[in-house]
Amino acid sequence: MQIAPSILTADFCELGKVMDEVISEGINWIHLDVMDGNWVVNKTITFGPALIKSIRQRVGPEVFVDCHLMVANAEDNWEQYVDAGVDLVIFHVEAVENISLLISNLHSRGCQAGIVLNPSTPSSAVLPYLSELDLVLVMSVVPGKGGQSFMPEMELKIREFRTAIDSQILVGGRSTKLMIDGGIKYHNAALVKSWGIDVAVVGSGLINNNATIKENLIKINSMLSD
Ligand code: DX5
Ligand code: ZN
């Protein structure tokens, strides 16, 4: 299982150093949480394409960069994120009207397409699009901020996606990745791996004031090693 750091709990003045540190620890996937002050329940604003462009330049072309759009108008402004250099745009199924069109627009720009669902949204909202998707992201917190508690009741939904993706791969279909986001730390990393997660977003479990990124990563990896 791959780890994708979320930078929401980082000191934004130190982002360059944080990027250097995670890369030097062998991480090659960065997860960028975009909130527009409108779509998430707590109305948070995080950052947008300008910062993402700087991060892309800092990490270089070898690191995979995704953006998780928690915005009201992904259908109108998705291209700004492609222009900023992300490899994958993940949009909320609850926030987009014409889902197939957005997926094909992203693909036509050479960008991967992913869908994310809130904890209360059933898998049936996303399963019809699975064959077109490069990634499905299951939220294990209500999106809006880092450092919230993990929702173990997402297991069933994750297992539904794992089964559907495995069946799709078996018949030669797309190898859609399965990601989880919210409350993942060293103590539940092995659990979500056992559910069939390919990529786990880790924010406060990796970037916090209690330990260095290196120390946190050693702890997480020790739980994943067998
Ligand atoms: C929540 C974001 C997450 C979050 C992860 O709205 O999508 O990426 O910041 O942070 P932790 O790991 O602290 O829950
Ligand atoms: Zn996220």
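Residues numbered from 1 in each chain as written. Chains lettered and ligands numbered in written order. Predicted model: local features only at pLDDT ≥ 70, side-chain atom pairs only at ≥ 80, totals over all residues. Heavy atoms only, no water.

Student: Can you explain the coordination of the zinc ion (ligand 2)? Please cite residues and give values.
Tutor: Protein ligation of the zinc ion (ligand 2) involves H31 (NE2), D33 (OD), H68 (ND1) and D181 (OD), the donor distances falling in the range 2.0 to 2.3 Å. Taken together, the six donor atoms coordinating the zinc ion (ligand 2) and their angles of 68 to 167 degrees define a geometry best described as octahedral. Along the chain, the residues donating to the zinc ion (ligand 2) are arranged with the sequence spacing H-x1-D-x34-H-x112-D. With H68 in strand 3 (residues 64–70) and D181 in strand 7 (residues 177–181), this pair connects stretches of sequence that are 113 residues apart. Across the pair, D181 and H68 agree in class, each one buried. (Donors = N, O, S within 2.8 Å, 3.2 Å for Na, K, Ca; no water. Tetrahedral: all angles 85-135°; square planar, octahedral: opposite > 155°, others 65-115°. Helix = DSSP H or I, 4+ residues; strand = E, 2+ residues; numbered from the N terminus. Buried < 20%, exposed > 50% of the residue type's maximum accessible area, 1.4 Å probe, protein only.)

Student: Can you break down the packing of helix 1 (residues 15–24) against helix 2 (residues 49–59) residue by residue, with the values?
Tutor: Contact pair helix 1 / helix 2: the axes reach a minimum separation of 10 Å and the direction vectors enclose 40 degrees. Between helix 1 and helix 2, the angle is such that the two are oblique. You can see that helix 1 and helix 2 cross each other, and the crossing is right-handed. Contacts from L15, G16, K17, M19, D20 and I23 in helix 1 reach L51, I55, R58 and V59 in helix 2. A breakdown of the residues in the contact of helix 1 with helix 2 according to their chemical character gives six nonpolar, one polar and three charged. (Axes fitted to C-alpha atoms, helices over the stretch in contact; angles between N-to-C directions. Parallel < 35°, antiparallel > 145°, perpendicular 65-115°, else oblique. Left-handed = near helix turned anticlockwise from the far one by under 90°. Contact = heavy atoms within 4.5 Å. Nonpolar A, V, L, I, M, F, W, Y, C, P; charged D, E, K, R; others polar.)

Student: Can you break down the pairing of strand 5 (residues 112–117) residue by residue, with the values?
Tutor: With respect to burial, strand 5 is a largely interior element, five of its six residues being buried. In this fold, the crossover linking strand 4 (residues 88–92) to strand 5 by way of helix 4 (residues 99–108) has right-handed handedness. Summarising the sheet, strand 5 and strand 6 (residues 135–139) pair through four bridges and their orientation is parallel. Counterpart to I115 in the pairing with strand 6 is V136. (Right-handed = clockwise from strand over helix to strand, strands pointing away. Pairing = 2+ DSSP bridges.)

Student: Can you explain the environment of S108? Please cite residues and give values.
Tutor: As for its placement among the helices and strands, S108 is situated in helix 4. As a C-alpha pair, S108 and M179 span 71 residues in sequence and 23 Å in three-dimensional space.

Student: Pulling in residues and values, what's your account of the pattern of salt bridges?
Tutor: A full pass over the atoms with the stated rule returns 10 salt bridges. In this structure, the salt-bridge partner of D83 is R109, at a minimum N-O distance of 3.0 Å. Within this pair, whereas D83 is found in helix 3 (residues 74–83), its partner R109 is found in the loop between helix 4 and strand 5, the two being separated by 26 residues in sequence. Salt bridges linked by common partners bring E79, D83 and R109 together as one network. (Salt bridge = Lys/Arg side-chain N within 4 Å of Asp/Glu carboxyl O.)

Functional significance is not addressed by these values, which are geometric in nature.
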